[in-house]
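Listed below are the residues making up each chain.
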Amino acid sequence: MDSLSQHLEGLKLFGNKDQVEVEEEILESLNMVLQAVTGDQQLSGNLLQASGIFTTLGQILTSHPRCAVPAAQVLAELAKNEELKQPCIDAGLVSALLPHLESSDQDLLLHSGRAIGRICYGNNTAKEALSKTNVAEELVRQLRRAENQERLEIVTEILQLLAENDSLKVQLVDADVQSALVEILQRVQDSPEVEAAGITKSISDLVISLLLGDESMQKLFANGTGLIYQRISSWLLSSNIQLQLTGALAVANFARNDSNCVKMVQLGVVHQLLDVLERHVDNGDVTVQHAALSALRNLAIPVINKVQMLEEGVAKRIQMLLRSEMPPVQFKLLGTLRMLIDGQVKAAESLGQDPALLNRLVQWCEAKENAGVQGEANRLLASLLRHSKSQEVVRAIQEAQGMKHLVSMTTSEHAIMQNEALIALAIASAINLEIIKDAFKESKLIPNLQKLLEDDMTSPEVKYKSLGLLCSLLSSGDLRKQMEEAKVQDTLESLCNHSNTNVVKQAVTAIQILKRNAQDSGLFFP
């Protein structure tokens, strides 16, 4: 601690020593400070803050070029500490670091860029300070001038740090960073050089980072005329898997609002995504498939797009992925199909009678080793019933032995899945209870519903829907007898004192139907 204090004092630029002596002492002290900061960031950081040394570091950066590299390195380390970002800003260190981004010294460029990125990350004051500088323009200029791989990687790393900040994303787009990135990708995409793959990956990652900000994304889209969007088609058609992935991820990010989605479907991006998926069906790249399905799912959110995508056969084409054995692909496929049929009666009727789809769904409903896929398979089964309300779909799901999975879904730990299952089962019961009653008995639907009704942790909405389903089931003598044996009436009567008025009303209705049906059948309930 005493040694560090001495070296901090040694950084203060006073005395009658000549320039060379001063710089030698500064270098020695900076190296010791850097070791201390790296070894114990919190302790040495606090000491630095108390010493008022930030102003001195600014003087070193502006007046002592020989010492700039270790000074920038010290700041890059210190900026990892949230408490030390503000002192860096107050001392004007961002402005002092900026000129070094033009340096031909790659170490100085790297440490200066890292320091700026870390000082500004998550700091609104720093963002505002940086927004008043020309850092974006300077870095884009450096990106265009990068004459070798190492310098290109350094500039890209700095840009990636800054691109974590939404306001700086916008500045970079305004500085036309996108055209520089597209030029680099064009230059290296077909290169046989080993390092080309790394450059393609880092540039692609930067493109996607720019798309994560809402304002920067919208500027890049420009109603489908932006340069990045214009390049998507060639990326998707490329033999380069990284570029295919970038194209699919770009579509998924552009598809974060309805107007963009509608425009992209009009421009024909859907079939480009489907073509990519078809190239990866057998032993393909999982990340590309996952990204392309994410893009299709986002595009299918607006109702007008669902209709057009279904008319163009999207639901049928993506079923080629039913044979995939990769859980991430299975999960996204199920979610995309569920989004497509939401509110679309004809599509739900068609898919709900497809034996290949239903058999695969039932297999995935039993995939206990992957809860995500299992849950999505159940939700799609429920959606097919909910949106088709078709007797043929009820029969097809029953023949595929899917009803038992919807019954199991009522016991899910997620209320949304419980509700979806209860709605689907109520619809199926209203349409054709006779053909599914045995499946309900075997899968213990009545005991499941009774547990939901008796559990204090069950939400009022789930209780209400459970009661509605019970009322539907009372038209079956076999199921009504099962309720009698389970003393369901006692459960219903206890709900007459529930705090939720809708639950109380539904419980009273269920009791009335239960008693009336019992009298009609010769049974007696007191």
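Here, the structure is the one placed above.
Please read these numbers as outputs of a predicted model, since none were measured by experiment.

Colleague: Run through the packing of aromatic side chains, naming residues and quoting values.
Modeller: Taken as a whole, this structure holds three aromatic pairs when the rule is applied. Where Phe-221 meets Tyr-229, the ring centres are 5.3 Å apart and the plane angle is 80 degrees; that geometry is what we call edge-to-face. Here Tyr-229 and Phe-254 contribute two aromatic rings whose centre-to-centre distance is 5.9 Å and whose plane-to-plane angle is 70 degrees, an arrangement assigned as edge-to-face. Note that Tyr-229 is positioned in helix 16 (residues 227-237) and Phe-254 in helix 17 (residues 241-254), a separation of 25 residues in sequence. Accessibility classification places Tyr-229 together with Phe-254 in one group, the buried group. An aromatic cluster is defined as three or more aromatic residues linked by ring pairs; in this entry it consists of Phe-221, Tyr-229 and Phe-254.

Colleague: Explain the packing of helix 17 against helix 19 (residues 269-279) to me, and be specific about the residues and the numbers.
Modeller: One can describe the packing of helix 17 onto helix 19 by two numbers: an axis separation of 11 Å at closest approach and a directional angle of 140 degrees. Relative to helix 19, helix 17 is oriented oblique. Here helix 17 runs over helix 19; the crossing is left-handed. The segment helix 17 lies against helix 19, with Gln-244, Ala-248 and Val-251 engaging Val-269, Leu-273, Val-276 and Arg-279. Here the contact of helix 17 with helix 19 is built from residues that sort into five nonpolar, one polar and one charged.

Colleague: Pulling in residues and values, what's your account of the layout of surface pockets?
Modeller: Counted as a void, the largest pocket has a volume near 350 Å³. Around the largest pocket, the lining comprises 16 residues; the ones closest to its centre are Ala-371, Gln-374, Gly-375, Ser-412 and Met-417. At the level of elements, helix 26 (371-388) and helix 28 (403-409) are the ones that each hand at least two residues to the lining of the largest pocket. Counting residues per element, the lining of the largest pocket draws most heavily on helix 26, at seven residues. In terms of residue class, the lining of the largest pocket is built from five nonpolar, eight polar and three charged. Its volume calculated, the second largest pocket comes out at about 160 Å³. Lining the second largest pocket, in full, are Arg-297, Arg-338, Met-339, Asp-342, Arg-379, Ala-382, Ser-383, Arg-386, His-387 and Glu-420. In terms of residue count, the dominant contributor to the lining of the second largest pocket is helix 26 (five residues).

The rules behind each value
Throughout this description, residue numbers start from 1 for each chain and increase along the sequence as written. Two thresholds apply to this predicted model, a pLDDT of at least 70 for residue-level local features and 80 or more for giving and counting side-chain atom pairs, whereas whole-chain, interface and lining totals are computed over all residues. Note: side-chain values were computed over all heavy atoms of the structure, leaving out hydrogens and water. Pairs were defined over the aromatic rings of Phe, Tyr and Trp, the Trp ring being its six-membered one, requiring ring centres within 6.5 Å. Orientation was assigned from the angle between planes: stacked under 30 degrees, edge-to-face over 60, tilted for the rest. Numbering of helices and strands starts at the N terminus; helices are DSSP runs of H or I of at least 4 residues and strands are runs of E of at least 2. Note on exposure labels: buried denotes an accessible area under 20% of the residue type's maximum, exposed denotes more than 50%, and partly exposed covers the range between, all computed with a 1.4 Å probe on protein chains only. Here, axes are lines fitted to C-alpha atoms. For helices the fit covers the stretch in contact, and angles between N-to-C directions go from 0 to 180 degrees. If an angle is under 35 degrees, it is roughly parallel; if it is over 145, roughly antiparallel; if it lies from 65 to 115, roughly perpendicular; otherwise it is oblique. Crossing handedness follows the turn of the near helix against the far one: under a right angle anticlockwise gives a left-handed crossing, and clockwise gives a right-handed one. It only takes one pair of heavy atoms within 4.5 Å for two residues to be counted as in contact. Side-chain classes are defined by residue name, with Ala, Val, Leu, Ile, Met, Phe, Trp, Tyr, Cys and Pro counting as nonpolar, Asp, Glu, Lys and Arg as charged, and the others, Gly among them, as polar. With a 1 Å grid spanning the protein atoms alone, the term cavity applies to any set of points in which a 1.4 Å probe fits but cannot get out, the term pocket to an open set with protein on both sides within 12 Å along at least five of seven lines, and the term lining residue to any residue with an atom within 4 Å of a point. Grid points are joined across faces, edges and corners, and a volume is the space filled by probe spheres set on the points.

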